[in-house]
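What follows is each chain in one-letter form.
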Amino acid sequence: MFTRLTAAFAAICLLSPAAYAAGPAPTDPQIAHIAYTAGVIDIEAAKQAIKISKNGDVMAFAKDMIRDHEAVNKEALALVKKLKVTPEDNDTSRALTKAATEERQHLAKLQGAAFDKAYVENEVAYHKQVNGALETLLIPSAQNAELKDLLQTGLKLFQGHEQHAEHVATMLK
């Protein structure tokens, strides 16, 4: 299942740096905003899962997403404050937010096993896309070494999220 949210992320953010040759790569303030927005989106999705799901594995996964993404976003906010950088809203962040809102509306119509399956499948796809964006665009485009380090740390954590989501998905089949 390739959801609207992951499709938006793929279409907007996951192009290889070569695909950006026609236009500029994102700046550090834009990268900071995109990364933070991606974390907020996953936190909101996890909160929705906790409200709707009755499945213990899904709820535990969602709680992990909230904990981890809030921690990374807290580090990101501390870093931009330290660097005196203002994250810059951009088309990618706005498109991700719009797609996430649509996806949450879609998921809100589901219940029980149908919700659990759709939520976890979206989490697998979303983490694949976020990890791809980090590897191919955001990390290579980051100019500040501390931002690059934070993104690399986030990538390792989010690769674990992808694996965890895949594991939960197999349990739901």
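In this text, all values refer to a predicted model and were calculated from it rather than measured experimentally.

A. Representation of the overall build of the protein chain. The secondary structure content of the protein chain amounts to six helices and zero strands. When the helices and strands of the protein chain are placed in sequence order, the string is α-α-α-α-α-α. When burial is assessed residue by residue, the protein chain has 46% of its 173 residues classed as buried. Summarising the internal contacts of the protein chain: among those between residues at least 6 apart in sequence, 83% fall at separations of at least 24. Carbon and sulfur atoms make up 58% of the accessible area of the protein chain, which amounts to about 8600 Å² in all.

B. Representation of the confidence of the model for the protein chain in the model. When pLDDT is averaged along the protein chain, the result is 88, and 87% of the positions lie at 70 or above. Least confident of the elements in the protein chain is helix α1 (residues 4-13), whose mean pLDDT is 49; most confident is helix α2 (residues 28-52), at 96.

C. Highlighting the packing of helix α3 (residues 56-83) against helix α5 (residues 112-141). Packing of α3 against α5 leaves a shortest axis separation of 11 Å and a crossing angle of 35 degrees. The element α3 and its partner α5 pack so that their crossing is left-handed. Across from V58, F61, A62, M65 and H69 in α3, the residues of α5 making contact are D116, Y119, V120, E123 and H127. Class assignment for the residues of the contact of α3 with α5 results in six nonpolar, two polar and two charged.

D. Highlighting empty space enclosed by the protein. Under the definition given, this model contains two cavities of 30 Å³ or more. Considering only enclosed or pocket space, the largest cavity measures out at about 250 Å³ in volume. Lining the largest cavity are 22 residues, with A35, Y36, V72, L151 and F158 sitting closest to its centre. Where the lining of the largest cavity is concerned, the elements lending two or more residues are α2, α3, α5 and α6 (145-172). If you tally residues by element for the lining of the largest cavity, the top one is α3, at six residues. By residue class, the composition of the lining of the largest cavity is 17 nonpolar, five polar and no charged.

E. Structural context of the nonpolar core. Of all hydrophobic cores here, the largest spans 22 residues; its most connected members are I31, V130, L134, L138, L147 and L151. Elements represented by at least two residues in this core include exactly α2, α3, α4 (91-108), α5 and α6. Broken down by element, this core gets its largest block of residues, seven residues, from α5. If you look at the next biggest cluster of nonpolar residues, it comprises 18 residues, including A118, Y119, A165 and A169.

F. Seen up close, α3. Here α3 contains 28 residues, and its C-alpha end-to-end distance of 40 Å stays within 8% of the 40 Å for a straight helix at 1.5 Å per residue. Among the residues making up α3, those that are buried are V58, F61, A62, M65, I66, D68, H69, V72, N73, A76, L79 and V80. Structurally, α3 contributes buried residues whose contacts are with α2, α5 and α6. Here α3 starts with a cap whose side-chain oxygen sits 2.8 Å from the backbone nitrogen of D57, and that cap is N55. The positive-phi residue at the C-terminal boundary of α3 is K84, with phi of around 55 degrees.

G. Here's a closer look at the side chain of D42. Following the sequence through the fold, D42 ends up in helix α2. If near-sequence neighbours (up to four positions away) are discounted, D42 is found in contact with M65, H69, E123, Y126 and H127.

H. The arrangement of the side chain of Q48 in detail. In this fold, Q48 is placed in helix α2. Q48 sits in the buried class, given a relative accessible area of 11%. What Q48 contacts, discounting residues up to four positions off in sequence, is R104, L107, A108 and F115.

Cut-offs and rules
- Residue indices begin from 1 for each chain and proceed along its sequence in written order.
- Local features in this predicted model are restricted to residues of pLDDT 70 or higher, and side-chain atom pairs are both shown and tallied only at a pLDDT of 80 or more, whereas totals for entire chains, interfaces and linings draw on every residue.
- Note that the side-chain values use all heavy atoms of the structure and ignore hydrogens as well as water.
- Numbering of helices and strands runs from the N terminus, with a helix taken as a DSSP run of H or I at least four residues long and a strand as a DSSP run of E at least two residues long.
- We call a residue buried when its accessible area falls under 20% of the maximum for its residue type, exposed when it is over 50%, and partly exposed in between, using a 1.4 Å probe and counting protein chains only.
- Contacts are residue-level and defined by heavy atoms, with any inter-residue pair within 4.5 Å sufficient.
- With residues, only the protein chains shown are counted as cover, and all accessible areas are computed by Shrake-Rupley using a 1.4 Å probe.
- Predictor confidence is given residue by residue as pLDDT, running from a minimum of 0 to a maximum of 100.
- Throughout, an axis means a line fitted to C-alpha atoms (over the contacting stretch in the case of helices), and angles, computed between N-to-C directions, take values from 0 to 180 degrees.
- Here a crossing is taken to be left-handed if its near helix is turned anticlockwise relative to the far helix by less than a right angle, and right-handed if that turn runs clockwise.
- For this classification, the nonpolar set comprises Ala, Val, Leu, Ile, Met, Phe, Trp, Tyr, Cys and Pro, the charged set comprises Asp, Glu, Lys and Arg, and every other residue, Gly included, is treated as polar.
- As defined here, a cavity is a set of points on a 1 Å grid over the protein atoms alone where a 1.4 Å probe fits but cannot get out. A pocket is an open set with protein on both sides within 12 Å along at least five of seven lines, and residues line them when an atom is within 4 Å of a point.
- Grid points are joined across faces, edges and corners, and a volume is the space filled by probe spheres set on the points.
- The term nonpolar core refers to a set of buried residues drawn from Ala, Val, Leu, Ile, Met, Phe, Trp, Tyr and Cys, joined through side-chain atoms within 4.5 Å.
- Multiplying one less than the number of residues by 1.5 Å gives the expected span of a helix.
- Polar contact is the term for a pair of N or O atoms within 3.5 Å; when the atoms are in protein, one must be able to donate a hydrogen and the other to accept it, and sequence-neighboring residues count only if both atoms are side-chain atoms.

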